[in-house]
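Listed here are the chains, written in short residue letters.
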Amino acid sequence: MIKGKKVYLRPIVKEDINYLNDWKNNEDTFKYLGGGFLPTSIDQQIKWIDKLTDTSGNNKRFIICAENDKPVGMVGLYNINWIHRTAEIGIYIGDKNSKGKGYGQEACQLIEGFASKYLNIRKLKLLVVTENVAALKLWKSLGYYKVGEYVKERFIDGEYKNVTIMEKFIQH
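Each value, and the rule that gives it
- Sequence positions are assigned chain by chain, starting from 1 and proceeding in written order.
- Whole-chain, interface and lining totals are the exception, using all residues; otherwise, since this is a predicted model, local features are given only for residues with pLDDT of at least 70 and side-chain atom pairs are given and counted only at 80 or more.
- Here the side-chain values reflect all heavy atoms present in the structure, with hydrogen atoms and water set aside.
- Runs of E in the DSSP output that reach at least two residues are strands. Runs of H or I that reach at least four are helices, and both are numbered from the N terminus.
- Note on exposure labels: buried denotes an accessible area under 20% of the residue type's maximum, exposed denotes more than 50%, and partly exposed covers the range between, all computed with a 1.4 Å probe on protein chains only.
- We score Asp and Glu as negative and Lys and Arg as positive, and we do not count His or the chain ends.
- A side-chain nitrogen of Lys or Arg and a carboxyl oxygen of Asp or Glu constitute a salt bridge if their distance falls within 4 Å.
- Contacts described as polar in this section are N or O atom pairs within 3.5 Å, which, within protein, must combine one atom able to donate a hydrogen with one able to accept it, while residues neighboring in sequence count only if both atoms come from side chains.
- The pocket and cavity definitions rest on a 1 Å grid over protein atoms only: a 1.4 Å probe that fits but cannot leave marks a cavity, an open set with protein on both sides within 12 Å along at least five of seven lines marks a pocket, and residues lining either have an atom within 4 Å of a point.
- Grid points are joined across faces, edges and corners, and a volume is the space filled by probe spheres set on the points.
- Three classes are used: nonpolar for Ala, Val, Leu, Ile, Met, Phe, Trp, Tyr, Cys and Pro, charged for Asp, Glu, Lys and Arg, and polar for all others, with Gly counted as polar.
- Here, any two strands with at least 2 DSSP bridges between them count as paired.
- In this description, the arc belongs to the directions extending from the helix axis to the C-beta atoms.
- Any two residues having at least one pair of non-hydrogen atoms within 4.5 Å are treated as being in contact.

Trainee: Residues and numbers for the side chain of Arg154, please.
Mentor: The residue Arg154 is located in strand S7 (residues 145-156) in this model. It turns out Arg154 is buried and unbridged, and the closest side chain with the opposite charge, Glu153, is 6.0 Å from it. A distance of 3.2 Å separates a polar atom in the side chain of Arg154 from the backbone oxygen of Tyr32.

Trainee: Tell me about the layout of surface pockets, residues and numbers included.
Mentor: Here the largest pocket is characterised by a volume of approximately 1,500 Å³. Here the lining of the largest pocket is composed, by residue class, of 24 nonpolar, 15 polar and eleven charged.

Trainee: Please set out the sheet that holds strand S8 (residues 159-169) residue by residue, giving values where relevant.
Mentor: Pairing is mixed across the open sheet formed by eight strands, whose spatial order is S1-S2-S3-S4-S5-S6-S8-S7. With one partner strand each, in any of the chains shown, strand S1 (2-3) and S7 form the two edges of the open sheet. Strand direction decides the pairing type here: S1 and strand S2 (residues 7-11), joined by two bridges, are antiparallel. Its bridge partner lying in S2, Lys3 is registered against Tyr8.

Trainee: Could you give an account of the pairing of S8, with specific residues and numbers?
Mentor: The pairing of strand S6 (residues 123-129) with S8 spans seven bridges and is classified as antiparallel. When the bridges of S8 are listed, Leu124 appears paired with Lys168. What sits between S7 and S8 in their antiparallel hairpin is a turn of two residues, with Asp157 showing a positive phi close to 55°.

Trainee: Got a sec to walk through helix H5 (residues 133-141)? Specific residues and values, please.
Mentor: When H5 is considered as a whole, its buried residues turn out to be Ala135, Leu136, Leu138 and Trp139. Projected onto a plane normal to the axis of H5, the buried residues spread over an arc of 160° and lie on a single side. Seen from the buried face of H5, the exposed residues on the opposite side, beyond 90 degrees, are Val133, Ala134, Lys137 and Lys140. In this structure, the buried residues of H5 make contact with strand S5 (86-93), helix H4 (103-118), S6 and S8. Of the residues trailing H5, Gly143 is marked for its positive phi of about 95°.

Following this line, the structure appears as structure tokens:
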């Protein structure tokens, strides 16, 4: 468990399937994420759960829990490159009543610390839909900076959207 003041991060367990399925099927939560919004049956997600719980490979996913032990979202490190010491970071707060409380910011800080101290990751990268103002604000507040932009990269709400490329060195 990775503990903070407002939240803690814990590995995903099979019992999280109902939370994960509810969040995956919420358009507002998933439309801006890399995989996009695509309603998914719990039966399909049960097939994926072993992959989500596996932290032995190049992806490390964690459930974000608030003070009351309630799962509120997920944060992860993806495509870890063990030679170059880089990874991608991604997060979402799936519980709509938990948005805007600073849980996402603290969860990112916790996983950055874990990545630096225990995985020897030196740089984190991410993609964010440019019109997702709340996400851009979060990433900028955490010290990520824009290094580029993909034009008309993701199809959302019937049109192609630009994607901002950001990164941050967490070790110097």
